[in-house]
Amino acid sequence: MPLFKAHYNLEKHSVGLVIGIILAGSVGGLVEIAPLFTIDQTVETAKDMRVYTPLELAGRNIYLREGCYACHSQMIRTLRDEVERYGPYSLAAESQYDHPMLWGSKRTGPDIARLGGKYSDDWHVAHLNNPRDVVPSSIMPAYPWLSETPLKVDDLGAHLATLREVGVPYTDEMIENAPRDALAQARPDSDQAAGVTERYGEATTVRRFTTNTQLTEMDALVAYLQVLGTLTHLPYETETPVTE
Amino acid sequence: MIAQLTQAERVLAMVLSVTLAFVGLAMAAVAKQDPMAVHGYIALFLGGALVIMLLRTWDLPAPDEARFERYYDDPIKFGIVLAMIWGVFAMAMGVWVAALMVWPDATFGQAWSSYGRIRPVHTTGVLFGFGGNALIATSFHVMQRTSRARMAGQVSPWFVLIGYNLFCIWAVTGYVMGITQSKEYAEPEWYADIWLVIVWVTYLVLYLRTLKRRAEPHIYVANWYYLAFIVVVAMLHIVNAAAVPVSFMGAKSYSAFSGVQDAMVQWWYGHNAVAFFMTSGFLGMLYYYLPVRAQRPVFSYRLSILSFWGITFFYMWVGSHHLHYTALPNWVQTLGMTFSVMLLVPSWASAGNALLTLNGAWHRVRDDATLRFMFIAAVFYGLSTFEGSFMAIRPVNALSHYTDWTVGHVHSGALGWLAMITFGAFYSAVPLLWGRERMYSPTLVEWHFWLALAGLLTYVFALWNAGITQGLMWRTYNEAGTLSYSFLESVEAMRPYYIARTLGGLLFLSGICVGAFNIWMTIRGTQTMAADRPLAPQAAE
């Protein structure tokens, strides 16, 4: 066969093989990935979608640091049982500002895409401190150091600025006020608190997330967990049938 | 190590070591309180240790010209030893993380030892530490033997191995300090990623230069697979790791991609790490060591060609099967599923080619545990590629995704295929490389084989049961039309399976410990054979 004859000759050229490998290996990615950046319908337009506040972002970074994504997904599939268990299925718009996304691949624990508002702050604090205090048969790790570790806020402006470089619409004002906003979101009676809702919207939760006297990593993580699934109302307005 | 280097090469090695030490010092200096400083100190320490080692042996006599007529085996030996160290370490970590799912408080209450931080230590340690070193070491062996030529570089093989291991050490020490991009199987931060690109390009150049020196007109099929492994892993890594650091003085970065695009890029990377790291590279290993050990030629040359290009082309399409029923557009899911099913053809062509090669050598499979390791590897390669294609079908995935079935599938590949073929290759190569007639103890090879097989079967059976039970519990409805089980009930139902999988892991770990001891004793034994050397080049046909 001429094809095998051609290959017989290709095998004598290492660079030819390398070029062949690059060509054969590029097609799939180009066809499947490139259009996701150009087709408009890929990500729905959610007019009310807001960005993470500095405190929530700091909490998200703690979530990353502790590797929570290894056991919790944040992606409700379009299946009837998942929608009934967790809530409306996840839309692409909801994670459009997530660098990186945290859809996850394993549910050793439940999906938490719509965790926000399901439990009280106190429950989260107790649960994170030692899950077995509130859920006796839980196998989740305990995170007692979160309440003891002060939150690092001084560099949050740089974090917001970096996220703006990769496409998240943070304003100059948000970047400038980031450390103060982080503190103020957990201090509703402070002078700065009004600035948080002014910059991030009326729906932003401004309250004491823990009883700790200073701002700790626990405050940030709870603030993040309480915002999951609440950044936009679009999933509750979208009605598309799910797979039985 | 240094005795093989000429004066000029020793100077080059010294320059590289000093540079590494300075880079480490600079990292530590700018990072200050950031955990990246620890990585700076690690590089500084490693660079310093290399400088001291070079200085202490600086005056050794220069090698004779005859060295170019011998194969360059020292880096291979180093790579094999490193792979075994990583294997024992990472599998022990695996047993620990498995135990944490039964006894969640087995962390000593320390932040660094919590599940989410040490789980990537296990995955990176096995995949990149054990698997990566095994691939680099065996590729150095295969490229020289099948080309009948000495490796082209003298210092670059060491640079590749030491540089690669620095990357792995940065990765695992980073996770326990909380440095992670949290992209599965691509967790290391931006500076480690850049460093890996430098190491990897050096590796590719070394490979191509060695092939250029070959005394054979044709490039043997094992090398195609190693080349695909090196080239495609570079493509995947560079795209998926694209990120912007918050500051060049700290570890934290933000991925260039977000949301649905990030998910697709991540699983295009993630599944092809399986394809080109865990499959293509190890098929290179299979195509060399299995025929050599069985003393049979590869069954079919044409099947080799078809399966090679089939794997290289099809695999790159299938990543989206990790995202069925998600917010990823349907057309991409459908493409991923379709190609996943088609992928079974080249996968089974490879597995079949390997098994048919054993025709006429079945008595050796029976008697020789080393060859039996490779036989089991080919069988499990066939089984897990079938399972993979099956799980990629959308309705099957509805049940299997997010459950322990996926974890079981990965381990059927990682333990059954990747580790088994590596042990077969090591047991073939170690006596040859160290000039021994055989392994220190063939009985211990048998022990290792049966421990590994028992561990593997215990593990995958436990997780098949776990995964299917979980998947069914999540979707079971009662007569009133509501969900029957709470999530917590599904967690409680997992306990016996998690205990069984920990035991399976423990068996597999004891197997590799026996193997490491056996290899160590073989190395310590006395040399009984002369080292082989490349034959004089012959004219091409």
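Residues numbered from 1 in each chain as written. Chains lettered and ligands numbered in written order. Predicted model: local features only at pLDDT ≥ 70, side-chain atom pairs only at ≥ 80, totals over all residues. Heavy atoms only, no water.

Undergrad: Just checking my understanding: could you explain the overall build of chain B for this structure?
TA: Helix and strand counts for chain B come out as 18 helices and two strands. Radius of gyration (C-alpha) of chain B: 24 Å, near the 24 Å computed for a compact globule of 541 residues. In terms of its C-alpha atoms, chain B occupies a principal-axis envelope of roughly 85 × 65 × 45 Å. Looking at chain B residue by residue over its 541 residues, the buried ones come to 64%. On chain B, roughly 19300 Å² of surface is accessible, and the fraction owed to carbon and sulfur atoms is 70%. (Helix = DSSP H or I, 4+ residues; strand = E, 2+ residues; numbered from the N terminus. Rg over C-alpha atoms; globule rule 2.2 N^0.38 Å. Buried < 20%, exposed > 50% of the residue type's maximum accessible area, 1.4 Å probe, protein only. Areas by Shrake-Rupley, 256 points an atom, 1.4 Å probe, with all protein chains shown as cover.)

Undergrad: Explain the confidence of the model for chain B here, please?
TA: Parts of the prediction with low pLDDT should not have their coordinates interpreted in detail. In the predicted model, chain B carries a mean pLDDT of 95, and 99% of its residues have values of at least 70. Interface confidence for the predicted complex, expressed as ipTM, amounts to 0.95; the pTM equals 0.96. (pLDDT = per-residue confidence, 0-100.)

Undergrad: For this particular structure, what's the right way to read the nonpolar core?
TA: In globular proteins that are soluble, nonpolar side chains generally tend to be buried together. Tyr170 of chain A together with Phe140 of chain B are the most contacted members of the largest nonpolar core, which has 247 residues in total. Considering every element that reaches this core, the biggest residue donor is helix H8 (residues 259-294) of chain B, with 21 residues. Two domains share this core, each providing at least three of its residues, namely domain 1 (2-42) and domain 2 (54-237) of chain A. (Core = buried A, V, L, I, M, F, W, Y, C linked by side-chain atoms within 4.5 Å. Domains from an automatic or database assignment.)

Undergrad: Before we go on, may I ask you to explain helix H1 (residues 7-31) of chain B in this structure?
TA: All names here are of chain B. Across its 25 residues, H1 extends 36 Å between first and last C-alpha, which sits within 8% of the 36 Å expected from 1.5 Å per residue. By the burial criterion, the buried members of H1 are Glu9, Arg10, Ala13, Met14, Ser17, Leu20, Ala21, Gly24, Met27, Ala28 and Ala31. Structurally, H1 contributes buried residues whose contacts are with helix H2 (36-56), helix H5 (156-177) and helix H6 (190-212). Lys32 sits one or two residues past H1 and shows a positive phi near 50°. (Expected span 1.5 Å × (residues − 1). Contact = heavy atoms within 4.5 Å.)

Undergrad: Where do I start with helix H11 (residues 344-357) of chain B in this structure?
TA: An α-helix turns once per 3.6 residues; consequently, residues spaced three or four apart project the same way. All names here are of chain B. In this model, H11 (14 residues) spans 19 Å end to end at C-alpha, consistent with the 20 Å of a helix rising 1.5 Å per residue. Of all the residues in H11, the buried ones are Leu344, Pro346, Ser347, Ala349, Ser350, Ala351, Asn353, Ala354 and Thr357. Turning to H11, the residues buried within the fold contact helix H7 (221-240), H8, helix H9 (301-314), helix H10 (330-342) and helix H13 (369-391).

Undergrad: How should I be thinking about the side chain of Thr210 of chain A in this particular structure?
TA: Residue and element names in this part refer to chain A. Turning to its location among the elements, Thr210 is positioned in the loop between helix H10 (193-200) and helix H11 (217-227). Relative accessible area serves as the criterion here: at 6%, Thr210 is assigned to the buried category. Within the structure, Thr210 has its side chain in polar contact with the backbone nitrogen of Asn212 (distance 3.2 Å). Side-chain polar atoms of Thr210 contact the side chain of Asp219, separated by 2.9 Å. (Polar contact = N/O pair within 3.5 Å; in protein donor to acceptor, adjacent residues only side chain to side chain.)

Undergrad: Would you take a moment to explain the pattern of salt bridges for this structure?
TA: Applying the stated rule across the entire model yields 28 salt bridges over all chains. We note a salt bridge from Lys152 of chain A to Asp155 of chain A, for which the minimum N-O separation is 3.5 Å. For Lys152 of chain A, a relative accessible area of 53% corresponds to the exposed category. Of the charged contacts, one joins Arg67 of chain B and Glu9 of chain B as a salt bridge, the two residues approaching to 3.0 Å between their closest N and O atoms. Remark: Glu9 of chain B occurs in helix H1 and Arg67 of chain B occurs in the loop between H2 and helix H3 (74-100); sequence separation between them is 58 residues. Accessibility assignment for this pair places Arg67 of chain B and Glu9 of chain B in one class, buried. (Salt bridge = Lys/Arg side-chain N within 4 Å of Asp/Glu carboxyl O.)

Undergrad: Could you clarify how one ought to interpret the interface of chain A and chain B in this entry?
TA: Quoted interface sizes are often the accessible area lost when the parts come together. Chain A puts 84 residues into the contact, and the matching count from chain B is 94 residues. Between chain A and chain B the total buried area reaches about 7700 Å² when both faces are included, carbon and sulfur atoms providing 66% of it. The largest contributions to the chain A side of the interface with chain B come from Glu32, Arg77 and Arg85 of chain A, which together make up 10% of the buried area. Joining chain A to chain B, the criterion identifies three salt bridges. Between Arg117 of chain B and Glu66 of chain A there is a salt bridge, with its nearest N and O atoms 2.6 Å apart. Applying the counting criterion to the chain A and chain B interface returns 31 residue pairs in polar contact (both at pLDDT 80 or more). Among the elements that take part in the side of chain A that touches chain B, helix H2 (residues 14-38) of chain A stands out by supplying 18 residues, more than any other. For the side of chain A that touches chain B, the class distribution of residues is 42 nonpolar, 26 polar and 16 charged. (Buried area = accessible area lost by both parts, 1.4 Å probe. Nonpolar A, V, L, I, M, F, W, Y, C, P; charged D, E, K, R; others polar.)

Undergrad: Please clarify how the domain arrangement of chain A should be interpreted in this entry.
TA: Under the domain assignment, chain A is made up of domain 1 (2-42) and domain 2 (54-237). Relative to domain 2 of chain A, the C-alpha centre of domain 1 of chain A lies at a distance of 41 Å.

Undergrad: Help me understand the environment of Leu328 of chain B, please; the structure alone is not making it clear to me.
TA: Tracing the backbone through its elements, the reader meets Leu328 of chain B in the loop between H9 and H10. Given a relative accessible area of 2%, Leu328 of chain B falls into the buried group. Look past the residues within four positions of Leu328 of chain B in its chain and what remains in contact with it is Leu36 and Trp103 of chain A together with Val260, Met264, Ser320, Leu323 and Gln333 of chain B.

Undergrad: For this particular structure, what's the right way to read unusual backbone geometry?
TA: When glycine is set aside, most residues are seen to have a negative phi, and most peptide bonds are trans. Between His99 of chain A and the following residue, Pro100 of chain A, the backbone shows a cis peptide bond with an omega angle of -5°. In the Ramachandran plot, Tyr325 of chain B falls in the positive-phi region, its phi being about 65° despite a non-glycine side chain. The backbone of Tyr402 of chain B shows a phi angle near 70°, a positive value even though the residue is not glycine. Within the secondary structure, Tyr402 of chain B is located in the loop between helix H14 (394-400) and helix H15 (404-433). The buried category is assigned to Tyr402 of chain B, whose relative accessible area is 1%.

Undergrad: Just checking my understanding: could you explain the packing of aromatic side chains for this structure?
TA: The geometry of two aromatic rings is summed up by the distance between their centres and the angle between their planes. Under the definition given, this model contains 49 aromatic pairs over all chains. Relative to Tyr203 of chain B, the ring of Trp200 of chain B lies with its centre 5.3 Å away and its plane at 80°, an arrangement referred to as edge-to-face. In this pair, Trp200 of chain B and Tyr203 of chain B both sit in helix H6, three residues apart, roughly one turn of the helix. Relative to Phe308 of chain B, the ring of Tyr225 of chain B lies with its centre 5.0 Å away and its plane at 90°, an arrangement referred to as edge-to-face. Here Phe308 of chain B lies in helix H9 and Tyr225 of chain B lies in helix H7, a separation of 83 residues in the sequence. The exposure classification of Tyr225 of chain B matches that of Phe308 of chain B, with both residues buried. An aromatic cluster is defined as three or more aromatic residues linked by ring pairs; in this entry it consists of Phe128, Phe140, Tyr164, Phe167, Trp200, Tyr203, Tyr207, Tyr226, Phe229 and Phe277 of chain B. The ring of Tyr477 of chain B has Arg80 of chain A sitting right over it, with the charged end atom 4.2 Å from the ring centre. When the ring centre of Tyr402 of chain B is taken as origin, the NZ or CZ atom of Arg107 of chain A, which lies over that ring, is 3.7 Å away. (Phe/Tyr/Trp six-rings, centres within 6.5 Å; stacked < 30°, edge-to-face > 60°. Lys NZ or Arg CZ within 6 Å of the ring centre and 35° of its normal.)

Undergrad: How should I be thinking about the environment of Glu202 of chain A in this particular structure?
TA: Residue and element names in this part refer to chain A. Within the fold, Glu202 resides in the loop between H10 and H11. Given the relative accessible area of 69%, Glu202 is considered exposed. C-alpha of Glu202 to C-alpha of Val227: the two residues are 25 residues apart in sequence and 13 Å apart in space.

Undergrad: What am I meant to see in the side chain of Asn518 of chain B here?
TA: Residues and elements named next belong to chain B. Its location among the elements puts Asn518 in helix H18 (residues 495-524). Separated by 3.0 Å, the side chain of Asn518 and the backbone oxygen of Ser441 make a polar contact. Leave out the neighbours within four places in its chain, and Asn518 touches Tyr427, Met439, Tyr440, Ser441, Leu444 and Val445.

Undergrad: Is there a simple way to think about the packing of H8 of chain B against H15 of chain B in this case?
TA: Helix-helix packing is characterised by the crossing angle of the two axes and by the distance between the axes. All names here are of chain B. It is the contact of H8 with H15, at a shortest axis distance of 9 Å, that shows an interaxial angle of 40°. Between H8 and H15, the angle is such that the two are oblique. Handedness of the crossing formed by H8 with H15: left-handed. Contact residues: Met278, Thr279, Phe282, Leu283, Met285, Leu286, Tyr289 and Arg293 in H8; Gly413, Ala414, Trp417, Leu418, Ile421, Thr422, Ala425, Tyr427, Ser428 and Ala429 in H15. Classifying every residue of the contact of H8 with H15 gives 13 nonpolar, four polar and one charged. (Axes fitted to C-alpha atoms, helices over the stretch in contact; angles between N-to-C directions. Parallel < 35°, antiparallel > 145°, perpendicular 65-115°, else oblique. Left-handed = near helix turned anticlockwise from the far one by under 90°.)

Undergrad: What exactly am I supposed to notice about a nonpolar patch on the surface here?
TA: On the surface, a cluster of nonpolar side chains totalling about 390 Å² of accessible area is made up of Val27, Leu30, Val31 and Ile39 of chain A together with Trp331 of chain B. When residues in the nonpolar patch are grouped by element, the largest group, three residues, is from H2 of chain A. Position of Ile39 of chain A among the secondary structure elements: in the loop between H2 and helix H3 (54-65). (Patch = residues over 30% accessible without salt bridge, like charges linked within 9 Å, V, L, I, M, F, W, Y side chains within 5 Å.)

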